[in-house]
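Reading the structure
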Amino acid sequence: MKKFIDINADIGESFGSYKLGFDEEIIKYISSANIATGFHAGDPNWMNHTINLSLKEGVSIGAHPSYPDLSGFGRRDMNLNPDEIKNIIKYQVGSMLGFVGIEKLQHVKPHGALYNKAVKDKDIAKAIIESIKSVSTELIHVVLAGSLWENLANEANVKYVRETYADREFMSDGSLTPRSIDGSVIENTTKIIKRTLKLIKTGNVDSFHGDEISIKFDSICLHGDTKGSVQIAKEISESLKKNNIGIKSMSNILA
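I will try to describe carefully the structure that is included in this document. The shown structure was predicted, so the numbers you read here are calculated from the model rather than taken from an experiment. (Residues numbered from 1 in each chain as written. Predicted model: local features only at pLDDT ≥ 70, side-chain atom pairs only at ≥ 80, totals over all residues. Heavy atoms only, no water.)

**Remarks on the nonpolar core**
To be explicit about the condition: Working definition of a nonpolar core: buried Ala, Val, Leu, Ile, Met, Phe, Trp, Tyr and Cys residues. They are joined through side-chain atoms within 4.5 Å. Using a 1.4 Å probe on the protein chains alone, a residue whose accessible area is under 20% of its type maximum counts as buried, one over 50% counts as exposed, and one in between counts as partly exposed. What makes two residues a contact is simply this: any of their non-hydrogen atoms within 4.5 Å.
Ranked by internal contacts, the top residues of the largest apolar core, which has 69 residues, are Ile85, Met96, Ile128 and Trp149. The contact partners of methionine 96, leaving out residues within four places of it in the chain, are Ile35, Thr37, Met47, Ile51, Ile61, Gly62, Ala63, Gly101 and Leu105.

Below is the structure:
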């Protein structure tokens, strides 16, 4: 039986006159797009541009909400209570709905520090889940594979996909290696391709400390701002085809 995987990427992260990433190229090789909603990057004009780009390429659309941290690109932790988390999620998802409507919004994936907080913080994870669910029970929740967050999404009986990463190192417990640690973001294309194929074929990957860990997942994330991201995406796409592995969106993975 042919294997299928969703490939997602964080895009639409330009702001004003500043352009970040290579969205027009990387979108050719993904099936789901996580589009910034203005709190860490993106603005109404870039959101509209990236949405149109996604629709043109047949890529499913997702909202990519963050802590309100433009100057820190959403990668700094903030001490917000659960109600505040719910409100910033609904606010940002609502901005995306204004452009595409609920029928064209596939998923919601938090960004940066908010995402990392939900991996281990029960209250934050629950707040995110409840907020997305309150907007629509049809929206797919993107959660880190094997995390507390995944367990809570399962208990809440929501639609969710388990995400892993092609270009990030993992700690031995399955969490992402903090960006503050040198080498946490992998830039060697050959290593990324090898890791990705191993993940899909075996469900295993070598951690940052060298031990092999198991990850059950549905979607692999590529970062549009990683050095050489377009070439990485292209080579991953070509490698998957050679290995008879198909790419399809989250909603089709869950169907």
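**Description of the packing of aromatic side chains**
So the rule is basically this: Working definition: a ring pair exists when centres of Phe, Tyr or Trp rings (six-membered ring for Trp) sit within 6.5 Å. Plane angles under 30 degrees give stacked, over 60 give edge-to-face, the rest tilted. What counts as a helix is a DSSP run of H or I of at least four residues, what counts as a strand is a run of E of at least two, and both are numbered from the N terminus.
Under the criterion given, the structure shown has three aromatic pairs. A ring pair is formed by tyrosine 115 and tryptophan 149, whose centres lie 5.1 Å apart and whose planes are at 80 degrees; its orientation type is edge-to-face. Highlighted residues: tyrosine 115 in helix α4 (residues 112–120) and tryptophan 149 in helix α6 (residues 148–155), separated in sequence by 34 residues. In this structure, tyrosine 115 and tryptophan 149 share a single accessibility class: buried. Aromatic ring contacts, followed pair by pair, group Tyr115, Trp149 and Tyr165 into a single cluster.

**Comments concerning helix α2 (residues 44–57)**
Let me state the cut-off plainly: By definition here, a helix of n residues has an expected span of 1.5 Å times n minus one. As used here, the arc is the angular range of directions from the helix axis to the C-beta atoms. N or O atoms closer than or at 3.5 Å make up a polar contact, with two conditions inside protein: a donor-capable atom paired with an acceptor-capable one, and, for residues adjacent in sequence, both atoms drawn from side chains.
For α2, spanning 14 residues, the distance from its first C-alpha to its last is 20 Å, which sits close to the expected 20 Å at 1.5 Å a residue. Among all positions of α2, only Trp46, Met47, Thr50, Ile51, Leu53 and Ser54 are buried. Projected down its long axis, α2 carries its buried residues within an arc of 160 degrees, all on one side. Turned more than 90 degrees away from the buried face of α2 sit Pro44, Asn45 and Lys56, all of them exposed. For α2, the secondary structure elements touched by its buried residues are β1 (3–11), α1 (23–26), β2 (32–36), β3 (60–64) and α3 (82–100). The opening residue of α2 is aspartate 43, an N-cap whose side-chain oxygen sits 3.1 Å from the backbone nitrogen of asparagine 45. Two residues or fewer past α2, glycine 58 is found with a positive phi of approximately 70 degrees.

**Let's talk about the environment of phenylalanine 170**
Along the chain, phenylalanine 170 turns up in the loop between β6 (160–165) and α7 (189–202). Taking the C-alpha atoms as reference, phenylalanine 170 lies 13 Å from valine 119; in sequence the two are 51 residues apart.

**So, unusual backbone geometry**
At phenylalanine 73, a position not held by glycine, the phi torsion is positive, near 55 degrees. Summarising the element assignment, phenylalanine 73 is placed in the loop between β3 and α3. Since its relative accessible area comes to 16%, phenylalanine 73 is described here as buried. Positive phi outside glycine occurs at asparagine 244, with the angle close to 60 degrees. Relative to the assigned elements, asparagine 244 resides in the loop between α8 (229–242) and β10 (245–247).

**A short note on the pattern of salt bridges**
Basically, it comes down to this: Here, a salt bridge means any Lys or Arg side-chain nitrogen found within 4 Å of an Asp or Glu carboxyl oxygen.
Considering all chains together, one arrives at 14 salt bridges under this definition. Arginine 76 is the salt-bridge partner of aspartate 69, the closest N and O atoms lying 2.6 Å from each other. On the accessibility criterion, aspartate 69 (5% relative accessible area) is buried. Across the pair glutamate 138 and lysine 159 runs a salt bridge whose closest N-O atoms are separated by 2.7 Å. Here glutamate 138 is found in the loop between α5 (122–135) and β5 (140–144), whereas its partner lysine 159 is found in the loop between α6 and β6, with 21 residues between them in sequence. One salt-bridge network, in which partners are shared between bridges, spans Asp10, Lys109 and Glu163.

**Here we look at the side chain of aspartate 6**
Here aspartate 6 shows up in strand β1. Here serine 31 takes part through its side chain, which lies 2.7 Å from a polar atom of the side chain of aspartate 6. Reaching out from aspartate 6, the side chain makes a polar contact with the backbone nitrogen of methionine 250 at a distance of 3.4 Å.

**Focus: the pairing of β1**
This is how it is decided: Strands are labelled as partners when DSSP assigns at least two bridges between them.
Of all nine residues that make up β1, seven are buried, and the element is covered over most of its length. As paired strands, β1 and β10 are joined by three bridges and run parallel to one another. Residue pairing for β10: isoleucine 5 is matched across the bridge by isoleucine 247. As paired elements, β1 and strand β9 (residues 219–223) share five bridges and run parallel to each other. Residue pairing in the sheet places aspartate 10 in a bridge with histidine 223 of β9.

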